[in-house]
Amino acid sequence: MRSRSNSGVRLDYYQRIVHRLILAHQEPVTGLFPASNVNSHAWIRDNVYCILAVWGLSMAYKKIADQDEDRAKCYELEQSCVKLMRGLLMAMMNQKDKVEKFKMTQSPYDSLHAKYSSKNGLPVVGDNEWGHLQIDAVSLYLLILAQMTASGLQIVFSLDEVSFIQNLVFYIESAYSIPDYGIWERGDKTNHGEPELNASSIGMAKAALEAMNELDLFGARGGPASVIHVLADEAHKCQAVLQSMLPRESNSKELDSGLLCVIGFPAFAVDDAQLIHNTKDAILSRLQGKYGCKRFLRDGYRTPKEDPSRLYYERWELRMFENIECEWPLFYCYLILFHAFQNDKRSVEEYASRLEKIMVRSEDGILLIPESYAVPQDLVGFEYQKPGSQLREVVGRCPFLWGQSLFILGRLLQEGFLAVGELDPLNRRLGAQKKPDVVVQVVIIAEDNEIRDKLAEHDLHVQTIAEVAPIEVQPARVLSHLYTYLGRNRKLGLSGRKSRDVGILSTSKLYSLKDRIFAFTPQFADLSRFYIASDNELMIDILKGEINFLKSAWDLLGRPLVTLVLKRIHLDQDKIPLAMIQTMRKLKSGYINGTRVMLGSLKDFLNTSAITDLSFLGSTEDGYPDRLHPDVQTYLDEHLLRSFSNRSTMNLRGGQLRPRTLRRRMSCKGAIKKTRSINVDSDNLGMEGPSPLTERRLSSIVPPPWLQANKQSHVSVFATTPEEGPASSPLHLGNELSIRENIYPVDPHQSRSAIDRRSEFVRQQEMPKILIQRHRAETNFADTEVEELIAMLRETENLEEQGDILQYLVDTQGLDFNTGMLEEGRVVTVRDLLKGLYEKACQQKLWGLVRHTAGMLGKRVEDLAKAVTDLLVRQKQVTVGMPPNNEHTITAPLPEVELRQLIHDAYGDDESTAMLTQELMVYLAMFIRTEPQLFHEMLRLRVGLIIQVMAKELSRTLNCDGEAASEHLLNLSPFEMKNLLYHILSGKEFAVSSVARGNLSIVSCKSSRVSKKSQIGLGDPEGEDALIATIDDRQGQWLRRRRLDGALNRVPRDFYSRVWTVLEKCQGLAIEGRVLQQSLTQEMTPGELKFALEVETALNQIPQPEYRQLVVEALMVLTLVTEHNMVPTLGGIIYVEHLVHKANQLFLEDQRKVQGDATLCCAKIKDGKEQQQAASGMLLCGGAAYICQHLYDSAPSGSYGTMTYMSRAVALVLDCVPKHGEMECAIS
């Protein structure tokens, strides 16, 4: 026999090691690896990692296989891999019913098991006896299955197995919103069995979805039927959430070494090189030790302080594990592979030498990787004093096969037997490299010739739907229906894809089906959806956002293609809206918002677009793979006829007004308005309980009806609530016609209705407006029979009046009341009439009415659940309802129905605001997808408070009262609403310019004086004092900024972790009656999200946003005291508000000394009358919580700044700060 080459000899050495340490333990029947000699359970994750060394070695042999025995060795090793992967596949296929059930429930009890018996592949523990839901394990299996198949192994044998794996893809595709138990099987680190969203699971799922996409499981010998399909949008959602989480692992684990497998081998799930770098650095700086890395901070597993008799930890004992957590050599193996893939030889050598020092030699001289190293019981005290100083001992299994396998892979790479590309045949490692700029292709198609000709007048030449044949254009819902056939399998009882959602990445491809080609319009353009789709400007805005999104998210072959159909329904008074023409011209120019675009026709783009084959629609199971599935055939045939046809709307016949009904109609006036509940006028936003309200309502401001009817000159259209009598807003009737209800087109000669409505409200007094009850005053209509109302309904052309009448009918008779009218022989109910009104209001763009009727009809934002999920998975909680009494917090994704019910409960009868809440959630979700930086340092989005701030900002800018502002707010078009929300989130100054038809338009103001972040107020509507309102527009700027930041819950950077250090040095912090105990620092680490939420909950008890911000500033001063180590301890419980009030006192003393602005209100020399007023809770300047308005309006820095007063207050109030002697006082 010829002599072996050196490389052959060396490989034979590794083959012996692999055989002895790994293959010797493989069960002959199932191919699985037991956990140890005494434990026969086989974990999916550990098994997949174990086999990687075998796979790597087989590829190394393949390269030097110059002799038959080498080829044989190579084949034996390959078959061991196939045996193991199939063993796991069989174990999972036995649980196919769970996969089917989990698609619907996503419940931890319906998940695939995390471990099986290595003897027979059957379950070994019950569904609820273990944290089985570990999405990262199933994802790792799919990822390695894809890589092995790409390297040439044949693991999947039949089309039924292909269907099962397609369903495993559905199983993991929502990983971004499914809390699981994660890589350490623990969930929350207290180990009480609460699953959480884990970045390591989401990253692994993203990698598996990308690796599986368009992969032929039969390798080179397969056909269309063995290809796996993944909707690109699902992988992208995982990526977006992953990027928003890193370097955090989950709510309870602020960092985890397990993330090494996500940023490097095997997942390579992060595309942003900087983020990879930051995550690795965070792990090395906080978790690395001499013996490997800790899994996460305060990990009690196998430490000497852990109580082995119970699985879970008490919350208070987590602090004991700090600095004595076990260190795992496994992570050095990951780091070696990470740097080998980066081709960083120096780091590879550094970690290899570190690893050698801590490996254990067996009797026959093989180096073994132990599971972990713990501090011995008797050295714990010394380790606490000086972390990292003591020698540790091996605990757990040795060899630890997961680590051993990665170690062997590392050696094969270091010695040059393998190239990195062989371990990654799908080239995932190249994901973080810079990609060329994406060009987005846009095709505009006209619904018919008439629209095509209208566009041609503007020099825009397009084709009609008929002209683009043979390419067929369909709405996105058709694609989503076709995808439900993917993965169906009768024999296995699997039903295909459940989610109905298809995102922009999926509709930006062309699809081939036999010899037909389909193009799909994006989901946002589907008009059957929600009312925001009938606002053209908003749709254009969304289109620009989606084009921008495609630029960053597209990574498929070919260019993305956006197909849009311009329809009749888009026309405005039979003209193409100007905004659309302008956008098309921009598209034609080749750039839009910085993205390169090409406008053209479908046939031009056939060769440059991505095309996907919908071959899975064939009847493969019936043996006719070339024929379409019969259901699909009928669906497509039906759909081709209906897809873009318009449906008619209900028509109410208009006749001449008869005087007899005029009086009756007036008595319906304002039925809708009474349902409103946005409260703007109170100084502390939305914070009054019912009792003081009623007294304020019945105050003497309200003039008697007779007086009022004569004094026409003072009636204001806006002053419709008793709170604001004509006294507070002397708008004259003259203006009334110029502002014209500003909402609906109203005839001037109908202005009598304003007076009627006014007296209506006076009669309605006895009921507080915010606590709406179902029993509205029945008196108005006692004399009005339903028939007459319906007659009135037919006569009136004014949609607002129709709305009031229908509102009354709904309240008294219900939605399903039979009106006695007939339409084409069908009975017409109130609901049908409302639908007709809704559609008309949409066409006429009467947004206030649209929102209200949508609410009454129970319309739902189709993407609501998705929008809320988008916010939650990016670690933002959402609250709905007006604070403080009925604010509901949403902390976990909810189904659509429950969400709607929750929002409905939060707002009672106020349908308009409930609709507005749903709408704002959709916009917030759009912003968090496209501009996540707007949400930095915000943990909870309080939608009720945001609505109030929006109304308050409008009232400030328009200089009108609260009632008018909330009317204006509800009448903003969806586009302007989104715009206003953007200005409030970004803190940009805005002005309101009025546009035709009384719709308002929000425009940005550029201000030279103030940086982008700060805000200017336009005078202060709260200041009752005329002097305050006349000062120039710098007045109120800091007050407004504090109010916005307070309402948005925005805090300074690292605020929560800094509060943690304060809490560590005192016994507690009291805020508005809530005490944050020092024990929280023992349960949670400084950067933990759970801790931040605790602090935030306490701060949210404070009703007034601007006061909340001052409390945040006071806490910041306390953090400076602790960070500069001025004092060893801060003493007992600190009452934070006490500090704020003390600062206010000091401020007023200074104001008296220098005769500042505050001498006009709070710093006046007090006499008896003042005293009594202060006691009754009303400050002259209207400042919230007894703090002078002028303090709220002071800048933080400067000698008269709030921080200066806070620091002085801290020095005076806290006993621990020395009162005498020199002291350095630097406030940054």
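Residues numbered from 1 in each chain as written. Predicted model: local features only at pLDDT ≥ 70, side-chain atom pairs only at ≥ 80, totals over all residues. Heavy atoms only, no water.

Observations regarding the overall build of the chain
Counting secondary structure elements, the chain contains 47 helices and 31 strands. Looking at the 1228 residues of the chain, the share that counts as buried comes to 60%. Put simply, 73% of the contacts in the chain that link residues at least 6 apart link residues at least 24 apart. Carbon and sulfur atoms provide 52% of the accessible area of the chain, an area that totals close to 49,400 Å². (Helix = DSSP H or I, 4+ residues; strand = E, 2+ residues; numbered from the N terminus. Buried < 20%, exposed > 50% of the residue type's maximum accessible area, 1.4 Å probe, protein only. Contact = heavy atoms within 4.5 Å. Areas by Shrake-Rupley, 256 points an atom, 1.4 Å probe, with all protein chains shown as cover.)

Observations concerning the side chain of Glu-447
Summarising the element assignment, Glu-447 is placed in the loop between β9 (440-446) and α16 (449-457). This buried residue, Glu-447, is left without a salt bridge; Arg-568 holds the nearest opposite charge, at 5.6 Å. Engagement of the side chain of Glu-447 in a polar contact is seen with the backbone nitrogen of Arg-568, the distance being 2.8 Å. (Lys, Arg positive; Asp, Glu negative; His and termini not counted. Salt bridge = Lys/Arg side-chain N within 4 Å of Asp/Glu carboxyl O. Polar contact = N/O pair within 3.5 Å; in protein donor to acceptor, adjacent residues only side chain to side chain.)

Remarks on the pairing of strand β23 (residues 826-829)
Taken together, the 3 bridges between strand β22 (residues 818-823) and β23 define a ladder with antiparallel strand orientation. Note on β23: the bridge partner recorded for Asn-818 is Thr-829. (Pairing = 2+ DSSP bridges.)

Describing the packing of helix α5 (residues 135-150) against helix α6 (residues 159-173)
A pair of packed helices is characterised by two quantities: the angle between their axes and the separation of those axes. Contact geometry of α5 with α6 gives a least axis separation of 10 Å together with a crossing angle of 140°. Taken as axis vectors, α5 and α6 run oblique relative to one another. Between α5 and α6 the crossing geometry is left-handed. Mapping the contact onto sequence places Ile-135, Val-138, Ser-139, Leu-142 and Leu-145 in α5 and Ile-165, Leu-168, Val-169, Tyr-171 and Ile-172 in α6. Within the contact of α5 with α6, the residues separate by chemical class into 9 nonpolar, 1 polar and no charged. (Axes fitted to C-alpha atoms, helices over the stretch in contact; angles between N-to-C directions. Parallel < 35°, antiparallel > 145°, perpendicular 65-115°, else oblique. Left-handed = near helix turned anticlockwise from the far one by under 90°. Nonpolar A, V, L, I, M, F, W, Y, C, P; charged D, E, K, R; others polar.)

What about the packing of helix α2 (residues 44-64) against α5?
α5 packs onto α2 with a crossing angle of 25° between their chain directions and a minimal axis gap of 9 Å. Taken together, the axes of α2 and α5 are roughly parallel relative to one another. Where α2 crosses over α5, the handedness of that crossing is left-handed. Residues Ile-44, Arg-45, Val-48, Tyr-49, Ile-51, Leu-52 and Trp-55 of α2 form the contact with α5, whose own contacting residues are Asp-136, Ala-137, Leu-140, Tyr-141, Ile-144, Gln-147 and Met-148.

Quick word on the sheet that holds strand β29 (residues 1066-1071)
Two modes of strand pairing occur in sheets, parallel and antiparallel, and in both the strands are linked by backbone hydrogen bonds. Reading across from one edge, β30-β29-β31 is the order of the 3 strands in this open sheet, with mixed pairing throughout. Only two strands of the sheet have a single neighbouring strand rather than two, namely β30 (1074-1077) and β31 (1131-1135). Taking the axes of each pair of neighbouring strands and ignoring which way they run, one obtains an average angle of 20° across the sheet. As judged from the 4 bridges shared by β29 and β30, these two strands associate in the antiparallel manner. Bridging across to β30, Gly-1068 finds its partner in Gln-1077. Helix α40 (residues 1055-1065) contacts β29, β30 and β31 of the sheet and is inclined by roughly 125° relative to β29. Contacting β29 and β30, helix α42 (residues 1089-1099) runs over the sheet at an angle of about 160° to β30.

Comments concerning the nonpolar core
Formed by 148 residues in total, the largest nonpolar core has its most connected members in Tyr-141, Leu-142, Leu-145, Met-212 and Leu-406. Among the elements that make up this core, the one with the highest residue count is α2 (13 residues). What Leu-406 contacts, discounting residues up to four positions off in sequence, is Tyr-49, Leu-52, Phe-265, Leu-330, Cys-333, Tyr-334 and Leu-337. Formed by 128 residues, the second largest nonpolar core is a distinct cluster that contains Leu-455, Leu-505, Tyr-838 and Leu-972. (Core = buried A, V, L, I, M, F, W, Y, C linked by side-chain atoms within 4.5 Å.)

A short note on the packing of aromatic side chains
This structure, assessed with the given rule, holds 25 aromatic pairs. When the ring of Tyr-13 is compared with that of Tyr-14, the centres are 5.5 Å apart and the planes differ by 55°; the resulting orientation is tilted. Summarising the aromatic geometry, the rings of Phe-102 and Tyr-171 are spaced 4.5 Å apart at their centres and angled 35° between planes, so their arrangement reads as tilted. Linking Phe-102 in helix α4 (residues 96-105) with Tyr-171 in helix α6, this pair joins segments that are 69 residues apart in sequence. Each member of the pair, Phe-102 together with Tyr-171, is buried. Among the aromatic residues, those joined into a ring-pair cluster are Tyr-49, Trp-184, Tyr-301, Trp-328, Phe-331, Tyr-334, Phe-400 and Trp-402. (Phe/Tyr/Trp six-rings, centres within 6.5 Å; stacked < 30°, edge-to-face > 60°.)

Some remarks on the side chain of Gln-802
Note on placement: Gln-802 falls in helix α29 (residues 799-813). Taking relative accessible area as the criterion, Gln-802 reaches 2% and is therefore assigned buried. A polar contact is formed between the side chain of Gln-802 and the backbone oxygen of Thr-796, at a distance of 3.1 Å.

Digging into helix α44 (residues 1136-1154)
End to end, α44 covers 28 Å across 19 residues, agreeing with the expected 27 Å (1.5 Å per residue, within 8%). Those residues of α44 lying buried are Val-1136, Glu-1137, Leu-1139, Val-1140, Ala-1143, Asn-1144, Leu-1146, Phe-1147, Leu-1148, Asp-1150 and Gln-1151. Its buried side turned inward, α44 meets β29, α43 (1105-1123), β31, α46 (1189-1192) and α47 (1202-1213). Gln-1155 sits one or two positions beyond α44 and adopts a positive phi of about 55°. (Expected span 1.5 Å × (residues − 1).)

Regarding the confidence of the model for the chain
Put simply, the chain has an average pLDDT of 81, and 83% of its residues get 70 or more. Of all helices and strands in the chain, the one with the weakest mean pLDDT is helix α38 (residues 1026-1030) (32), whereas α5 scores best (98). Low pLDDT (under 50) marks residues 1168-1177, which in the prediction has 8 contacts with non-local residues, meaning those over four places away or in another chain. (pLDDT = per-residue confidence, 0-100.)

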